[in-house]
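If you want the building blocks of each chain, they are given just below.
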Amino acid sequence: MKKFVVSTNTSYDILIGKDIMKDAGKLIRKKLEPCRASIVTDMTVNSIYAQVLVTSLIEAGFQVSKIVFPSGEHSKNLTTYGNILEALADEGLTRTDVIIALGGGVVGDLSGFAAATYMRGIKYIQVPTTYIAAIDASVGGKTGINLLSGKNLAGAFWQPSMVICDYKTFDTLPSEKILDGAAEAIKHGVVSDERLIEKVLQGDYEYVIERCVSIKKSIVEADERDLGLRQLLNFGHTIGHGIEKLSSYSISHGHAVAKGMVAEARAAEAMDLTPKGVSKALSDILERAGFDLSIPFSPDDIYKFALLDKKISGDKISIVAPDSIGKCHLHKISVPELKKFIQLGLEP
Ligand code: NAD
Ligand code: GLY
């Protein structure tokens, strides 16, 4: 089992290993006194993994309850968030208790936001079960939900107390969900480590999780609140979030980010912020991984959603421009220029 310590405003361990879910209770017990543990999960994950976790927590002395909601991005909304808060209150959870997020990025983002706000903040532990959650969503404390107007528009920075990542759970992931994770892993590679990309393409999960966590840990430690450096991790997301929303989330997060990364790299190239050839190299990598990079929406429609991007401050937005595969920089453009940027990205 590999351990990383993330030193943010509160520091926490990330434990990564194969088949470690059955030991979760013991691992958590090393950090927390026995208390109430409320597992928040979705229906799919509940049916495959909840029992192992429940047993392990009970054996370690925790008093366990469970909150289950329908699987998928459509649940990441105010209604589910409200239901989770009400259920926590019904269970009588107090500030000395803990929420355990068992599932993918949707479960993690919702549970984390509930933890950040229930009784003005209680502890939560991430137990990621998707590739995307293992390498990205469970690390760094970005929590939140979608609003009708767009992705992740309500949320909080709230770091977990621990992350227990058992990548044996990938055995039951559909191939499309593996691809979702591969997109975010390739993003980490484009932002800071070209060699990581070959490992993603080979499906070397252990290596990829550890390397992505190590990259994200360094970035989050330097910029926990997403004020500068961390925005590099939003590569592909300005256009990608618009694609996700316009498709009513039928194009999933990783697939949308893959499309968004190529479009943003193309636009950066057209604006001479990125050397010629980088966007082609990136689209070759993503096609090798198995992505369809077509974008079935107009630049104008994507622009409407991009106007809600959280990276906009005043009338400026930071975009991510690759210098090469393995290094990127941030560049500020005005909001009107963003429209041109998206048009350039979507030009054939
Ligand atoms: P998800 O939680 O909806 O999981 C995807 C699907 O896989 C769901 O249907 C789920 O039930 C199923 N599933 C989960 N684990 C499984 C397993 N082991 N076996 C079989 N099925 C399983 O979403 P996701 O794809 O994990 O993550 C996408 C979400 O994460 C998006 O909402 C995105 O915005 C968010 N995200 C957040 C961050 C962050 O830093 N907070 C980073 C990246 C992505
Ligand atoms: N997923 C991008 C970030 O956590 O900053």
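Provided above is the structure to which this section pertains.
Rules of the game
- Along each chain, numbering runs from 1 in the same order as the chain's sequence is written.
- As a convention, the first chain written is A and the first ligand written is 1, with the rest following in written order.
- Where totals are concerned, whole chains, interfaces and linings use all residues; where local detail is concerned, this predicted model gives features only for residues with pLDDT of at least 70, and gives and counts side-chain atom pairs only at 80 or more.
- With hydrogens and water stripped out, all remaining heavy atoms of the structure feed into the side-chain values.
- Only DSSP runs of H or I reaching four residues or more are called helices, and only runs of E reaching two or more are called strands; each is numbered from the N terminus.
- Partly exposed describes any residue whose relative accessible area lies between the buried limit of under 20% and the exposed limit of over 50%, with all areas from a 1.4 Å probe on protein chains only and scaled to the type maximum.
- Note: the arc covers the axis-to-C-beta directions of the helix.
- Strands pair, by our definition, only if DSSP identifies at least two bridges between them.
- Under the rule applied, a polar contact is a pair of N or O atoms within 3.5 Å (in protein, one hydrogen donor and one hydrogen acceptor; residues adjacent in sequence only if both atoms are side-chain atoms).
- Note on contacts: a residue pair qualifies if any of its non-hydrogen atoms lie within 4.5 Å across the two residues.
- Here, nonpolar core refers to any group of buried Ala, Val, Leu, Ile, Met, Phe, Trp, Tyr and Cys residues whose side-chain atoms link them within 4.5 Å.
- For this purpose, a residue is taken to be near a molecule or strand whenever a single non-hydrogen atom of the residue falls within 4 Å of it.
- Only Asp, Glu, Lys and Arg are considered charged, only Ala, Val, Leu, Ile, Met, Phe, Trp, Tyr, Cys and Pro nonpolar, and every remaining residue, Gly among them, polar.

Visitor: Describe unusual backbone geometry, with residues and values.
Guide: Although it is not a glycine, M119 adopts a positive phi angle of roughly 50°. Mapping M119 onto the fold places it in the loop between helix 4 (105-117) and strand 6 (123-128). Positioned with a positive phi, S248 is a non-glycine residue whose angle comes to about 50°. Looking at the element boundaries, S248 is found in the loop between helix 9 (237-246) and helix 10 (253-270).

Visitor: Tell me what's going on with helix 12 (residues 299-306), and back it up with residues and numbers.
Guide: Among the residues making up helix 12, those that are buried are I302, Y303 and A306. Along the axis of helix 12, the buried positions cluster into a sector of 105°, meaning they face one direction only.

Visitor: Give a description of the sheet that holds strand 11 (residues 316-324) that names residues and reports values.
Guide: Reading across from one edge, 10-11-12 is the order of the three strands in this open sheet, with antiparallel pairing throughout. Each of the sheet's edge strands pairs with one partner strand only, and the pair in question is strand 10 (312-313) and strand 12 (327-334). In this sheet, strand 12 lies alongside strand 11 in antiparallel orientation, the contact comprising eight bridges. Bridge pairing in strand 12 places S318 opposite K332.

Visitor: Break down the pairing of strand 7 (residues 142-147) for me, with residues and values.
Guide: For strand 7 and strand 8 (residues 150-157), the ladder comprises five bridges, and the chain directions are antiparallel. When the bridges of strand 8 are listed, T143 appears paired with A156.

Visitor: Hey, could you go over the side chain of D226 for me, with residue numbers and the actual values?
Guide: Counting through the fold element by element, D226 comes out in the loop between helix 8 (205-222) and helix 9. Side chain to side chain, D226 and K142 meet in a polar contact 3.0 Å long. Setting aside residues up to four positions removed in sequence, D226 forms contacts with K142, F157, Q231 and N234.

Visitor: An account of the nonpolar core is requested, with residue identities and associated values reported.
Guide: Grouped together as the largest cluster of nonpolar side chains are 48 residues, with contacts concentrated most on I14, Y131, I186, I209, L282 and L286. Considering each element in turn, this core owes the most residues, eight residues, to helix 6 (residues 175-192). For I14, the residues in contact, after removing those within four places along its chain, are K2, K3, F4, V6, V139, V163 and V213. Residues L15, I20, V54 and I125 belong to the second largest nonpolar core, which totals 25 residues.

Visitor: Residue-level account of the site of ligand 2, with values.
Guide: Taken together, D136, K142, K216, R230, L233 and N234 are the residues near ligand 2. Between ligand 2 and K142, the relevant distance is 2.9 Å, taken from an oxygen atom to a side-chain nitrogen or oxygen of the residue. Between ligand 2 and the protein, one listed contact pairs an oxygen atom with a side-chain N or O atom of R230 at 2.7 Å. Class assignment of the residues belonging to the shell around ligand 2 gives a composition of one nonpolar, one polar and four charged.

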